[in-house]
Amino acid sequence: MIYVHIPFCRRKCNYCAFNSKIGSVAEKSAYVDALTREINLRGDDSAVETIYFGGGTPTTLTLAELEKILRAIDTSFNVESHVELTIEANPGTVDENYLRGLKSLGFNRLSLGVQSFNDALLKILGRIHDSRAAIETITLAKNFFDNVSIDLMYGLPTQTLDDVRRDIEHVKILDVQHVSIYGLEVEDGTKFFELARAGKLDLPAENACADMYDFITETLPAIGYRRYEISNFARENFFSRHNVGYWTGKKYFGFGAGAHSFDGKLRTSNVRDVATYCAGKNISVVEEVVTRRAAMEEFCFLGLRLVDGIDARTFEKNFGVKIFDVFGAVIDKNQRRGLLTVDGDKIFLTKRGMSLGNEVFADFLLEQ
Ligand code: SF4
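For every chain, the first residue of the written sequence is number 1, and numbering continues from 1 along that sequence. Totals for whole chains, interfaces and linings use all residues, but because this is a predicted model, local features are given only for residues with pLDDT of at least 70 and pairs of side-chain atoms are given and counted only at 80 or more.

**A closer look at the site of the ligand**
- Close to the ligand lie Cys9, Lys12, Cys13, Cys16, Phe18, Ser20, Gly55, Gly56, Thr57, Asn90 and Gly113, which account for all nearby residues.
- Throughout this entry, Asp, Glu, Lys and Arg are counted as charged residues, while Ala, Val, Leu, Ile, Met, Phe, Trp, Tyr, Cys and Pro are counted as nonpolar. The remaining residues, Gly among them, count as polar. Considering only residue class, the shell around the ligand consists of four nonpolar, six polar and one charged. Placing a C-beta atom from the backbone of each residue, we mark the residue near a molecule or strand if the atom is within 6 Å of it.

In structure tokens:
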């Protein structure tokens, strides 16, 4: 698996804590050079089944720049013929020609940052697009891609359940293949954080957010989207193979500023600052040596994100010990709380467990 981080956006959204900035043409070009350098240096003969261009807004790069990065990956790795090749894009940054170009570069999955179909909410979020641009981009994209995903947010300032209802109505009409949902988190360093501190962010009450979450998670399956992960829904056969790879503990290379990598033992991360990354010295640090114990914990709390949960036999095969011998007390406790179900070898979150996932995951940290 390969992740490529493109840290540039047209404008900084009001809620955004991602590693992204507004970049000049020269800055982007220098960044692409640095990226290709890193890819060439770290390349090996690993088979690559999924490649994901995320950001930021990767579609702020030119097609020629994207091609340069893809060529470096192709030269440095063993990219499989059926590779899932995703690029994130934002409505308002792509037109018909650009989409055609993405398709001809080999991208076969498009992930669009729609967030909402409500113009007032999009304005509050500081997005560059309106609902019309979102609808136009999705409609156009479907001419070139048969695997289109959209991101939607809930719990937004002033948002009501009716707004969410209308968003899901749009999903139904536009008939995309995949939907990811995100509850708003107000993070330090964002404009929303400042507004919240000044008491000027009109966030919905907790129970209103819970109603939105319940509505989305009940309605999407009712209109033909299978919930395969806490926040992800897809038509059959359109699960994100790349993201499933993270949740099942696969190794991955992360290229670019702030990108993380995992080689099965070491978790490393690149420096976040774009200029430092481009300077190309000491760009990577080891974040964590993943011990056997940590690997067991991760197997559980990442795997439990998936609706199918974790498999006791796989755990035993991977670690040579029974999951109930290591996590028996945690599993019991969460079963008693109605958050986990054990069915034969399968262990998975209940519906209630899905909404309280973080509490269950925390329990699986043996160090605590
Ligand atoms: S488009 Fe995405 S990455 Fe860029 S500023 Fe907005 S939220 Fe952040």
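Here the narrative resumes.
**A word on helix H2 (residues 63-76)**
- Over its 14 residues, H2 runs 20 Å from end to end, which matches the ideal 20 Å to within 8%, given 1.5 Å per residue.
- Put plainly, a residue is buried at 20 or more neighbouring C-beta atoms within 10 Å of its own, exposed at 12 or fewer, and partly exposed in between, counting only other residues' C-beta atoms, which are placed from the backbone. The way it works is that DSSP assigns letters per residue, a run of H or I at least four long becomes a helix, a run of E at least two long becomes a strand, and they are numbered from the N terminus. For H2, the complete set of buried residues consists of Leu66, Ile69, Leu70, Ala72, Ile73 and Ser76. Relative to the axis of H2, the buried residues are bounded by an arc of 155° and lie together on one face. Projecting away from the buried face of H2 at angles above 90 degrees are the exposed residues Ala64 and Thr75.
- By the criterion used throughout, residues are in contact when their C-beta atoms, derived from the backbone, lie within 7 Å. Packed against the buried residues of H2 are strand S1 (2-6), helix H1 (25-42), strand S2 (47-55), strand S3 (78-89) and helix H3 (96-105). A helix is expected to span 1.5 Å for every residue after the first. The arc under discussion is defined with respect to the helix axis, by the directions toward the C-beta atoms.

**Here we look at the nonpolar core**
- In this usage, the nonpolar core is the set of buried Ala, Val, Leu, Ile, Met, Phe, Trp, Tyr and Cys residues whose C-beta atoms join them within 7 Å. Grouped together as the largest cluster of nonpolar side chains are 77 residues, with contacts concentrated most on Ile2, Ile73 and Val179.
- In terms of nonpolar packing, the next biggest core, distinct from the first, is built from 15 residues, Phe299, Leu304, Ile323 and Phe364 among them.

**Focus on the domain arrangement of the chain**
- The domain limits used here are those given by an automatic or database domain assignment. The domain boundaries assigned to the chain delineate domain 1 (2-246) and domain 2 (292-368).
- Here the C-alpha centroids of domain 1 and domain 2 sit 29 Å apart.
- Domain 1 puts five residues into the contact, and the matching count from domain 2 is six residues.
- Counting residues per element, the side of domain 1 that touches domain 2 draws most heavily on strand S7 (residues 226-229), which supplies three residues.
- Looking at the side of domain 1 that touches domain 2 residue by residue, the classes come out as three nonpolar, no polar and two charged.

**Thoughts on the pairing of S3**
- A pair of strands is considered paired only if DSSP assigns at least 2 bridges between the two. The pairing of S2 with S3 spans six bridges and is parallel. What sits directly across from Phe53, in S3, is Ile87.
- Here is how to tell: hold the view so the strands point away, follow the path from the first strand over the helix to the second, and if it runs clockwise the crossover is right-handed. Running through H2, the crossover from S2 to the neighbouring parallel element S3 is right-handed.
- In terms of strand pairing, S3 meets strand S4 (residues 109-115) through four bridges, oriented parallel. Paired with Glu88 across the strands is Ser111, a residue of S4.

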